[in-house]
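Coordinate inspection notes
For reference, the chains in residue letters:
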Amino acid sequence: MGMAAGVAPSAARAAETQPAANYPDHSIRLIVPFAPGGGNDNVARTVGRRLGEILGQAIVVENRAGAGGTVGAEAVARAPADGYTLFLGGVGSHAINPNLRKNLPYDPIKDFAPITLLAQAPMVLVAQPSLHIHTVAELIALARKEPGKLDYASNGNGSSSHLAAVMFETQAKVKLTHVPYKGLSPALTDLLGGQVPLMFSSVVAILPHIKDGSLVPLGVTGTHELASLPGVPTIASQGLPGYETSSWYGILAPAGTPRDIVMKLNAGLNQALQDPAIRASLASDGAEPAGGTPEQFAAHIAREKARLGAAIRQSGLQME
């Protein structure tokens, strides 16, 4: 008993000298590598607000768009590792870009300390009603009849919507023609206008147009049906077993951020992800809350980087 009492004050003194004892004592920057208003930005602001309440300091979202997420990622990779600059990283910055872009100005593994996987967001493959198809099998049959004749829109070269289509072509052994756009809005405009008949899209953006009959959902890219799209089967269950790809995002800090700060942020983010309002907000954005440890997130990044790298190499995809 006496020994334990003797240990306590020195343990308390040690805690006082640790960075996390006073952390955070001012606002924290959360860099989002995309323009305001998209799904990633919404997630960052929603979760950031709640994390700020938990930590007692404001989380200030800073949008640093450009080069498919590279500009924002590089800014964080070079920031001080003190817990006051965080990054909303995702499938683009940490799994696609490292496999597609030569001379990337950051290392997705060595330059970052993963904190928490926030959410995963499967996509949905949609078609123009004018194609008169309702299933993946019908799309494959149509594409085989006229190789290269069917166009599909994407959010841009190397985007997750582009890669979902590339993986689909490889597995289904079909040839489609890629029409890249600068972001989701212009792609959706042409998709709805009938200029392009197919697209892999985030669910939230496309949901109203599926509900009003403007677009036909053929399948979802995840491992199970989505609550927001009841009755729409997975692509994998329609003759392409193993087909699976999702957007995902999580919070990372610069490499070298002290472990106790990483753990304080991890605890705060996991607490935020249990909040029913946050979970509802993520669900309305077509995302499924994740959470977990920094190690689990690090393993997820490594796995996705390898998996998508294999898919990119198999398809022969180059940055156009």
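So, here's what we can say about the structure. (Residues numbered from 1 in each chain as written. Predicted model: local features only at pLDDT ≥ 70, side-chain atom pairs only at ≥ 80, totals over all residues. Heavy atoms only, no water.)

**Here we look at the overall build of the protein**
Within the protein, the regular secondary structure consists of 12 helices and 10 strands. Over its C-alpha atoms the protein spans a radius of gyration of 21 Å, differing by no more than 12% from the 20 Å that the globule rule assigns to 320 residues. Each of the three principal axes of the protein carries a C-alpha extent, and together these read 80 × 40 × 35 Å. Burial statistics for the protein: of 320 residues in total, 49% are counted as buried. Partitioning the contacts of the protein with sequence separation of at least 6, the portion at a separation of at least 24 is 77%. Accessible surface computed for the protein: about 13,900 Å², of which carbon and sulfur atoms make up 56%. (Helix = DSSP H or I, 4+ residues; strand = E, 2+ residues; numbered from the N terminus. Rg over C-alpha atoms; globule rule 2.2 N^0.38 Å. Buried < 20%, exposed > 50% of the residue type's maximum accessible area, 1.4 Å probe, protein only. Contact = heavy atoms within 4.5 Å. Areas by Shrake-Rupley, 256 points an atom, 1.4 Å probe, with all protein chains shown as cover.)

**Some points on helix H10 (residues 259-273)**
Taking 1.5 Å per residue as the helical rise, H10 with its 15 residues ought to reach 21 Å, and the 21 Å between its terminal C-alpha atoms agrees with that figure. Among all positions of H10, only Ile261, Val262, Leu265, Asn266, Gly268, Leu269, Ala272 and Leu273 are buried. End-on view of H10: buried residues confined to an arc of 165°, all on one side of the axis. (Expected span 1.5 Å × (residues − 1). Arc of directions from axis to C-beta.)

**Considering the packing of helix H5 (residues 91-100) against helix H12 (residues 294-315)**
Relative orientation of the contacting elements H5 and H12 amounts to 40°, with a least axis distance of 9 Å. Relative to H12, H5 is oriented oblique. As for the relative orientation of H5 and H12, their crossing is right-handed in sense. Between H5 and H12, the contacting residues are Val91, His94, Ala95, Ile96, Pro98, Asn99 and Leu100 on the first element and Ile301, Glu304, Lys305, Leu308, Gly309, Ile312 and Arg313 on the second. (Axes fitted to C-alpha atoms, helices over the stretch in contact; angles between N-to-C directions. Parallel < 35°, antiparallel > 145°, perpendicular 65-115°, else oblique. Left-handed = near helix turned anticlockwise from the far one by under 90°.)

**Things to note about the side chain of Ser160**
Locating Ser160 in the fold gives a position in helix H7 (residues 160-172). Within the structure, the side chain of Ser160 is placed 3.2 Å from the side chain of Ser247, a separation counted as a polar contact. (Polar contact = N/O pair within 3.5 Å; in protein donor to acceptor, adjacent residues only side chain to side chain.)

**Re the pattern of salt bridges**
Here the idea is simple: oppositely charged side chains can pair when their charged atoms come close. A full pass over the atoms with the stated rule returns 9 salt bridges. Asp41 serves as the salt-bridge partner of Arg45, at 3.0 Å between the closest nitrogen and oxygen. Pair noted here: Arg45 and Asp41 are both in helix H3 (residues 39-55), with a separation of 4 residues, about one helical turn. Classification of Arg45 as partly exposed rests on a relative accessible area of 32%. Each of Arg29, Glu62 and Arg64 takes part in one network of salt bridges that share partners. (Salt bridge = Lys/Arg side-chain N within 4 Å of Asp/Glu carboxyl O.)

The values are spatial; any link to function lies outside them.
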